[in-house]
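Residue-level structure breakdown
Chain by chain, the residues run as shown.
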Amino acid sequence: MTAPFTGGCMCKAIRYECSVEPIGMGICYCRDCQKATGSAFASALVVPRNRITITGEVKYYGVRGDSGNLVNRGFCPHCGSRLFGTPANPDLISIQAGSLDDPSWFKPQAAIYAASAQPWSCMNFDFPKFPKMPPGK
Ligand SMILES: [Zn+2]
Ligand SMILES: [Zn+2]
């Protein structure tokens, strides 16, 4: 069991606690996630919005995804750590796995937007890869 679990940004101005297990975990190779993380991919877990308690001031930067929906990426305005994302479904929130106090239990179940992965990304894992979003999402 992982719940409840906690995490926060590098400077500790923002902390969070989630009372339930994630409903999904995955990594995303889209260009927006590459830009936002400054790295090869974003690793995130999704939880119900009403089961996470956030303290501190989170800044959000919104970008339209290729679905046309606004995707907001939350970060700490003091230290710049990426923390959250608000997907199209307003009942959900995603948490960047690297912000967890113990990121070792994170287990991605799928990789999305693999079509835009960089040639230098390590991708030899055993969970499914989808070129964009998984079918039906
Ligand atoms: Zn911070
Ligand atoms: Zn992405």
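All values derive from a computational prediction rather than experimental measurement.

As for the coordination of the zinc ion (ligand 1)
Listed as protein donors to the zinc ion (ligand 1) are Cys9 (SG), Cys11 (SG), Cys76 (SG) and Cys79 (SG); their distances from the metal cover 2.3 Å. Around the zinc ion (ligand 1) sit four donor atoms, and with donor-metal-donor angles ranging over 107 to 112° the site reads as tetrahedral. We classify Cys76 as buried; its relative accessible area is 0%.

So, the side chain of Ser81
Relative to the elements of secondary structure, Ser81 occurs in the loop between β7 (70–75) and β8 (82–86). The class for Ser81 is buried, based on a relative accessible area of 14%. Polar contacts involving the side chain of Ser81 include one to the main-chain amide nitrogen of Met10, which spans 3.1 Å. Dropping the residues within four chain positions of it, Ser81 is found in contact with Cys9, Met10, Gly74, Phe75 and Cys76.

A closer look at the coordination of the zinc ion (ligand 2)
Under perfect tetrahedral coordination by four donors, a metal shows angles of 109.5 degrees; under perfect octahedral coordination by six donors, it shows angles of 90 or 180 degrees. Coordination of the zinc ion (ligand 2) by the protein is provided by Cys28 (SG), Cys30 (SG) and Cys33 (SG), with metal-donor distances spanning 2.1 to 2.3 Å. Summarised as a motif, the one-chain spacing of the donors to the zinc ion (ligand 2) is C-x1-C-x2-C. Here Cys30 falls in the buried class, since its relative accessible area comes to 14%.

What counts as what
Each residue is numbered by its place in its chain's sequence as written, counting from 1. Throughout, the order in which chains and ligands are written sets their labels, letters from A for the former and numbers from 1 for the latter. Note on the predicted model: pLDDT of at least 70 is required for a residue's local features to be given, and 80 or more for side-chain atom pairs to be given and counted; whole-chain, interface and lining totals, by contrast, use all residues. Only hydrogens and water are removed before side-chain values are computed, so all heavy atoms of the structure are retained for them. Here a donor is any nitrogen, oxygen or sulfur atom (N, O, S) within 2.8 Å of the metal, with 3.2 Å used for Na, K and Ca; water is not among the atoms considered, so some sites may look incomplete. Four donors are marked tetrahedral only if all angles between them lie between 85 and 135 degrees, whereas four are marked square planar and six octahedral if opposite donors are more than 155 degrees apart and the other angles lie between 65 and 115; the remainder are marked irregular. Any residue under 20% of the maximum accessible area for its type is buried, any over 50% is exposed, and the rest in between are partly exposed; the area is computed with a 1.4 Å probe on protein chains only. Secondary structure elements are defined from DSSP: runs of H or I of at least 4 residues count as helices, runs of E of at least 2 residues count as strands, and each element is numbered from the N terminus. Any N or O atom pair separated by 3.5 Å or less is treated as a polar contact, with the protein-specific requirement of one donor-capable and one acceptor-capable atom, and with residues adjacent in sequence counted only for side-chain atom pairs. Any two residues whose heavy atoms approach within 4.5 Å are treated as being in contact.

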